[in-house]
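# Report on the structure
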Amino acid sequence: MSVIQSIDYAAIGPPVVLGLTAVVVLLLDLFLPPSRRGAATWIALAGTLGALGFTGWLATDNARGTFCYPHAGCAYVTDDFTMFFQLLFLIVLVVVLLLSRSAIAEESLPTGEFHFLLLSSATGMLVLAAGRDLITLLVALEVVSLPAFVLVGLRRGDARASEAALKFFLFSVVSTGLTVYGMALTYGVTGTLQVDGIRSALDGVHVAGGPKSSLAAAAVVLVVVGFAFKVSAVPFHFWTPDTYQGAPVPVAAFLSTASKAAGFAGLLVLLFDAFGPYADVWGPVVAVLAAVTMTVGNLVALRQWHLVRLLAWSTVAQAGYMLVPLGVAATSAGRDIPELKSAGEALLIYLAIYVAMNLGAFACAIAVMRREPRGAITDLRGLVRRSPLLAIVFALFLTALAGLPPGVAGLFAKVVVLREAVHGHVTWLAVVAAVNAVIGLAYYLRVAALMFAGADDEEPVRAPTVAARRSPTVTAGVSISLAATLGLSVYPQPVFDFARHAVGVTNAAHP
Amino acid sequence: MHLSLAVGLSALLFGTGVYGVLARRNAVAVLMAVELMLNAANLDLVAFDAWFKDNLHGGQVFALFVVVVAAAEVGVGLAIVLAVFRLRDTVAVDALTQLADRDPPARADTVASDSAP
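Residue positions are given per chain, counting from 1 as you read along its sequence in written order. Going through the entries in the order they are written, you letter the chains from A and number the ligands from 1. The predicted nature of this model means local features are confined to residues of pLDDT at least 70 and side-chain atom pairs, given and counted, to a pLDDT of 80 or more, with totals for whole chains, interfaces and linings taken over all residues. Only hydrogens and water are set aside when side-chain values are computed; all heavy atoms of the structure are taken into account.

## Quick word on the overall build of chain A
Put simply, the test is: By the criteria applied, helices consist of DSSP H or I runs no shorter than four residues and strands consist of E runs no shorter than two, each listed in order from the N terminus. Throughout, the radius of gyration refers to the C-alpha atoms, and the reference size of a globule is 2.2 Å times the residue count to the power 0.38. In this scheme, a residue with accessible area under 20% of its type's maximum is buried, one over 50% is exposed, and one in between is partly exposed, where area comes from a 1.4 Å probe on protein chains only. Contacts are assigned to residue pairs that have any heavy atoms within 4.5 Å of one another. Computed by Shrake-Rupley with a 1.4 Å probe, the accessible areas treat only the displayed protein chains as cover when residues are assessed. Positive charges are assigned to Lys and Arg, negative charges to Asp and Glu, while His and the chain termini are left out of the count. We put the charge of a Lys on NZ, of an Arg on CZ, of an Asp on CG and of a Glu on CD.
Looking only at helices and strands, one finds 19 helices and 2 strands in chain A. Taken over C-alpha atoms, the radius of gyration comes to 22 Å for chain A, in line with the 24 Å a tight globule of 511 residues would show. With the principal axes as the frame, chain A shows a C-alpha extent of 70 × 55 × 40 Å. Scored against the burial criterion, the 511 residues of chain A give a buried share of 65%. Sequence separation of 24 or more characterises 81% of the internal contacts of chain A that already satisfy a separation of 6 or more. As presented, chain A carries roughly 16500 Å² of accessible surface, and 69% of it is formed by carbon and sulfur atoms. Taken together, the 30 basic and 28 acidic charged side chains of chain A have centroids lying 8 Å from each other.

This is how it looks when you write it as structure tokens:
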């Protein structure tokens, strides 16, 4: 057997470009004088745009595969599904790089290390979206997570940052332990590590039944748990608010958008492709997770007073909405192939819209917290008089997250997800989601209304605690998110089409 | 050696790891328990690999990757634990309660002291 493998370097181009940029930024930081280290942002941005161009070119090309097995599929595939997620991650990375520039300077974070870690984590995400092999998926998942722990705890001498990092770390390694054990059992049942191979082997095991089938079901649940942590689904969400609050806010923005999307990418590959035959096992599990996640996230968000914590609980709730389409597999009607396919499509659409809105909300939170570092929601009172444009844009993102006009993108997302739940005959889940959408209105609108509220007798309008300084990069970050949200509100069709193609290539379409 | 012996031992190791994660308060002990979970998976992978007589040795290769991942996790984890210990003088996970859901501060300026150096 030949041990020399030909590698399609064009296929792995985007992560290679991003990884090399990470190393260049780290090395350059050693040689540049401290006054010029800010250049790291622009180098990282150039690398990201390069990777983005590369991905754009790959997206127009036919699907490629590399690191292939002798008689089975490949470990790294660039189909439309991969392209959808890679483009999403790279666009988020551009915005996060812009948003973090002022935070790095003001919180005196180490510039080179920050960019290195951020780009490394993003490199892991690109690979995760393309991985079709348990080893690739696991290693990519760890490459996403390990730099993220350090990013969270990067503020030196800050006990809260270290605490946030430790909580994030412990939850993550425990869930990795469960995932790896689940993957080992999967290998034990199927004898292969490649996703397509696992699927065809599990088809047989599921039909045969017996102890082997129970073992496979246990493996499926263990693997789902590991990814449920990544998307912060209840009950694996406890790290989320604490980590977001303790981390630099741009890092929290990155975790709540790109990192969560990476979790969903892995979840989709594993559930739809590898564990497709076991939809009757993971379907009910995911449906219950979705219902509990929405409800707990929304209810706890109601009583938050810290802006970042509020957004953190809101991302927990949003993860619940995103799990709803996967929950259709709980019923046998939802498990037929066209229904699963359109469920995956709904998840991708919701994810793209969520990432745009949520990144915008975090970007506005960053802009606000430059003036009000305390981050209390009550500090937002009367924001419209201090910076009218920011208040209007922030309110737009919050209403979009709630699913209300004028940011109709959020409404599209909610409708798409609810339609899936109804078509899949999981009506109870649709009802839970609808009730939750109403609960969500309460806290999103409370914040939005506060920004437009007048002075209160008990709590007069406070002067900004820090002199207002505009940061052009933060403004650029807000603008890109705003453009994306408005674009998705006005003309979402291209993203809808892309999502349809992206799910079309997974095995859910061809059993 | 029969497969069930290795798989049974691995399940025992995994169970011990899960118990350690849930029961221990020391962050380093939790980390050790996680290592037990990862090594249980390794034992399984290698045992299954030998059982299948896998031509590609997928299980062994996976086990090697898990070892690398575990080493990286410990490296980052101990660094974070050290950082916490230097600032807090404790690594008990239930003593880390500075970040938690709380009632809003009574007065506008009380929380600011949290973030003050």
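Now, onward.
## Examining the confidence of the model for chain B
All names here are of chain B. Worth spelling out the cut-off: Confidence per residue, as judged by the predictor, is encoded in pLDDT with a range of 0 to 100.
Averaged over all residues, the pLDDT of chain B equals 85, while 88% of them reach at least 70. Note that residues 108-117 has pLDDT below 50 and, in this model, 10 contacts with residues that lie over four places away or in other chains. This complex was scored by the predictor with a pTM of 0.92 and an ipTM of 0.90.

## Thoughts on the state of the cysteines
Residues and elements named next belong to chain A. Here is the rule we go by: Here, the term disulfide refers to a pair of cysteine sulfur atoms separated by no more than 2.5 Å.
Taken as a whole and assessed by the stated rule, the structure comprises 1 disulfide over all chains. Here C68 pairs with C74 through a disulfide, and the sulfurs are 1.9 Å apart. One disulfide, between C68 and C74, carries an S-S torsion of 80° and so falls in the right-handed class. Classification of C74 as buried rests on a relative accessible area of 16%.

## Some points on the interface of chain B and chain A
Note the following rule: What gets called buried area is simply the loss in accessible area from a 1.4 Å probe that two parts show on being joined, summed for both. Any Lys or Arg side-chain nitrogen found within 4 Å of a carboxyl oxygen on Asp or Glu counts as a salt bridge.
The interface of chain B with chain A comprises 56 residues on the first partner and 49 residues on the second. The junction of chain B with chain A conceals about 4400 Å² of combined surface from both sides, 75% of it contributed by carbon and sulfur atoms. Three residues stand out in chain B for area buried against chain A, namely B:F62, B:L99 and B:D101, and they jointly supply 17% of the buried area on that side. Linking chain B with chain A are 1 salt bridge.

## Focus on unusual backbone geometry
The linkage connecting A:V234 with the following residue, A:P235, adopts the cis geometry, with an omega of 5°. Summarising the element assignment, A:P235 is placed in the loop between α8 (211-230) and α9 (239-246). Even without a glycine there, the phi angle at B:D89 is positive, about 60°. Using a relative accessible area of 62% as the deciding quantity, one classes B:D89 as exposed.

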